[in-house]
Amino acid sequence: MNLRPSKIDLGVSDDKLYTPEVGSWAEDKYRLFWCYADLFATSMKEKWDQRVYIDLFAGAGHSHVEETDRCLLGTPLLALRVAHTFDWYIFCDQDPHCISALRKRVETMRPTAEVRYIPGNVNRITSYILEEMPPLAPGKKVLGFCFADPFRLRDLHFSTIKTLAQRYMDFMVLIPAMDPLRNEMIYLDPSSDVVDLFVGTPSWREEWRKKQKEITFDTFIASFFSSRMSHLNYTHGGLEDSLLVRSSEKNLSL
Ligand SMILES: C[S@@+](CC[C@H](N)C(=O)[O-])C[C@H]1O[C@@H](n2cnc3c(N)ncnc32)[C@H](O)[C@@H]1O
């Protein structure tokens with residue numbers, strides 16, 4: 001994937017609403033995210049009748065960079081700041097404080113945008129997400145862009161991706177690499193189903209046995225996830241086609 005981080009101004013003033021903390025590396029994530037979302041929204045504008053943006057882990061709309069006085073626009077508000085705005089937005093989060101702050105921020109920033117808010121665990125409310133999409137109609141082509149930014153592997157189930165893929169849908173998934181690195185022993189334990197749910201099959205264990213001398217666990221998870229997407233008929237160039245976001249402090253992969 002060739003993305004050159006753009007010059008969007010991510011900074012925003014403190015509006016005193018609920019604002020979760022992030023590390024300084026989040027700035028790279030937001031720039032890359034905006035760049036791709038902007039590219040997607042612009043290039044699909046003439047090809048589809050409606051473009052829908054879905055943020056599965058939307059957050060509160062603003063983030064506060066820890067140990068600084070800097071606040072940044074989060075992914076749902078960045079998706080509202082693309083040059084050719086999407087026609088429809090769906091924002092999900094299981095934290096009611098996030099949904100409530102996000103709603104107020106969207107109403108201030110883009111009061112006329114067509115937005116649906118769905119509180120709850122995305123893995124349990126997936127059918128509602130599909131219901132909130134513009135209905136299928138003859139001759140009307142609807143394309144979704146679904147962004148998934150989970151804290152941990154256990155927050156996202158592959159079954160959720162598979163259900164959403166029933167509609168025309170592009171996915172951008174941020175794989176939280178620190179989680180499998182930190183919890184490798186726990187996830188490898190036969191009693192854990194975290195990775196099974198994330199990749200949608202227990203067969204990863206057999207594959208890991210073959211690969212464990214060649215690659216690290218986090219790289220394996222990213223690569224296996226990518227191969228699972230190809231089972232849903234998505235094309236992906238493998239790991240070379242992914243982007244690594246690193247923690248600026250310790251150069252850790254995130
Ligand atoms: C890493 S933050 C994403 C923030 C947002 N993408 C941003 O950067 O502006 C993850 C968010 O997902 C929410 N979350 C975690 N697990 C979830 C789940 N299973 N379903 C819905 N939301 C979840 C958390 O409340 C949190 O707000």
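Residues numbered from 1 in each chain as written. Predicted model: local features only at pLDDT ≥ 70, side-chain atom pairs only at ≥ 80, totals over all residues. Heavy atoms only, no water.

What follows is about helix 10 (residues 217–231). The first and last C-alpha atoms of helix 10 sit 21 Å apart over 15 residues, in line with the 21 Å expected at 1.5 Å per residue. Turning to helix 10, its buried residues number three or more, namely Phe 217, Asp 218, Phe 220, Ile 221, Ala 222, Phe 224, Phe 225, Ser 226, Arg 228 and Met 229. Those residues of helix 10 that are buried lie in contact with helix 5 (158–164), strand 9 (169–173), helix 6 (178–182), helix 7 (184–188), helix 8 (194–199) and helix 9 (204–211). In the segment just after helix 10, Asn 233 is the residue with positive phi, at about 70 degrees. (Helix = DSSP H or I, 4+ residues; strand = E, 2+ residues; numbered from the N terminus. Expected span 1.5 Å × (residues − 1). Buried < 20%, exposed > 50% of the residue type's maximum accessible area, 1.4 Å probe, protein only. Contact = heavy atoms within 4.5 Å.)

Taken together, the four strands give an open sheet; going across it, the order is 1-5-4-2, and neighbouring strands pair in mixed fashion. Edge positions in the sheet fall to strand 1 (11–12) and strand 2 (21–22), since each has one partner strand and no second. The pairing of strand 1 with strand 5 (residues 71–73) spans two bridges and is classified as antiparallel. The residue bridging Val 12 from the neighbouring strand is Cys 71, located in strand 5. Along the sheet, helix 1 (residues 26–44) contacts strand 2, strand 4 (62–65) and strand 5; its crossing angle with strand 5, the most-contacted strand, is approximately 20 degrees. (Pairing = 2+ DSSP bridges. Axes fitted to C-alpha atoms, helices over the stretch in contact; angles between N-to-C directions.)

This part takes up the environment of Arg 182. Within the secondary structure, Arg 182 is located in helix 6. The sequence separation of Arg 182 and Phe 33 amounts to 149 residues, and the corresponding C-alpha distance is 25 Å.

Below, the discussion takes up the site of the ligand. As a matter of local geometry, the ligand sits amid 19 residues, with Tyr 30, Thr 75, Asp 93, Val 122 and Asp 149 nearest to it. Here the ligand loses 90% of its free accessible area of 610 Å² to cover by the protein chains. Class assignment of the residues belonging to the shell around the ligand gives a composition of seven nonpolar, seven polar and five charged. (Near = heavy atom within 4 Å. Areas by Shrake-Rupley, 256 points an atom, 1.4 Å probe, with all protein chains shown as cover. Nonpolar A, V, L, I, M, F, W, Y, C, P; charged D, E, K, R; others polar.)

All right, on to helix 3 (residues 96–109) then. Note on helix geometry: an α-helix contains 3.6 residues per turn, so any two residues three or four positions apart are oriented the same way. With 14 residues, helix 3 should reach 20 Å at 1.5 Å per residue; the first-to-last C-alpha distance of 20 Å fits that figure. Those residues of helix 3 that fall on the buried side of the exposure criterion are Cys 98, Ile 99, Ala 101, Leu 102, Arg 105, Val 106 and Met 109. Buried-residue contacts for helix 3 involve strand 4, helix 2 (75–79), strand 6 (88–93) and strand 7 (115–119). Capping the start of helix 3 is the job of one residue whose side-chain oxygen sits 2.8 Å from the backbone nitrogen of His 97: Asp 95. (Polar contact = N/O pair within 3.5 Å; in protein donor to acceptor, adjacent residues only side chain to side chain.)

Bringing the pattern of salt bridges into the picture now. Scanning the entire structure with this criterion turns up twelve salt bridges. Residue Arg 70 pairs with Glu 27 through a salt bridge whose shortest N-O separation is 3.1 Å. Highlighted residues: Arg 70 in the loop between strand 4 and strand 5 and Glu 27 in helix 1, separated in sequence by 43 residues. Here Arg 116 ties to Glu 132 by a salt bridge, and the two come within 3.3 Å at their closest N and O atoms. Here Arg 116, found in strand 7, pairs with Glu 132, found in the loop between helix 4 (126–131) and strand 8 (142–148); they are 16 residues apart in sequence, far enough to count as distant. Taking the relative accessible area as the measure of exposure, Glu 132 reaches 31% and is therefore partly exposed. (Salt bridge = Lys/Arg side-chain N within 4 Å of Asp/Glu carboxyl O.)

Let's shift gears to the packing of aromatic side chains. With the rule as written, the count across this model stands at 22 aromatic pairs. Centroid distance Phe 86 to Phe 145: 6.2 Å. Interplanar angle 20 degrees. Geometry classified as stacked. On the criterion of sequence distance, the pair formed by Phe 86 in the loop between helix 2 and strand 6 and Phe 145 in strand 8 is long-range, its members being 59 residues apart. Across this residue pair, the class does not change: Phe 86 and Phe 145 are buried. Here the guanidinium or amino end of Arg 51 rests over the ring plane of Phe 86, the centre of that ring lying 5.9 Å away. Its guanidinium or amino end placed over the ring of Trp 48, Lys 141 lies 5.2 Å from that ring's centre, counting from NZ or CZ. (Phe/Tyr/Trp six-rings, centres within 6.5 Å; stacked < 30°, edge-to-face > 60°. Lys NZ or Arg CZ within 6 Å of the ring centre and 35° of its normal.)

This paragraph deals with the domain arrangement of the protein. Split into domains, the protein comes out as domain 1 (1–174) and domain 2 (177–254). Measuring from the centre of the C-alpha atoms in domain 1 to the corresponding centre in domain 2 gives 23 Å. (Domains from an automatic or database assignment.)

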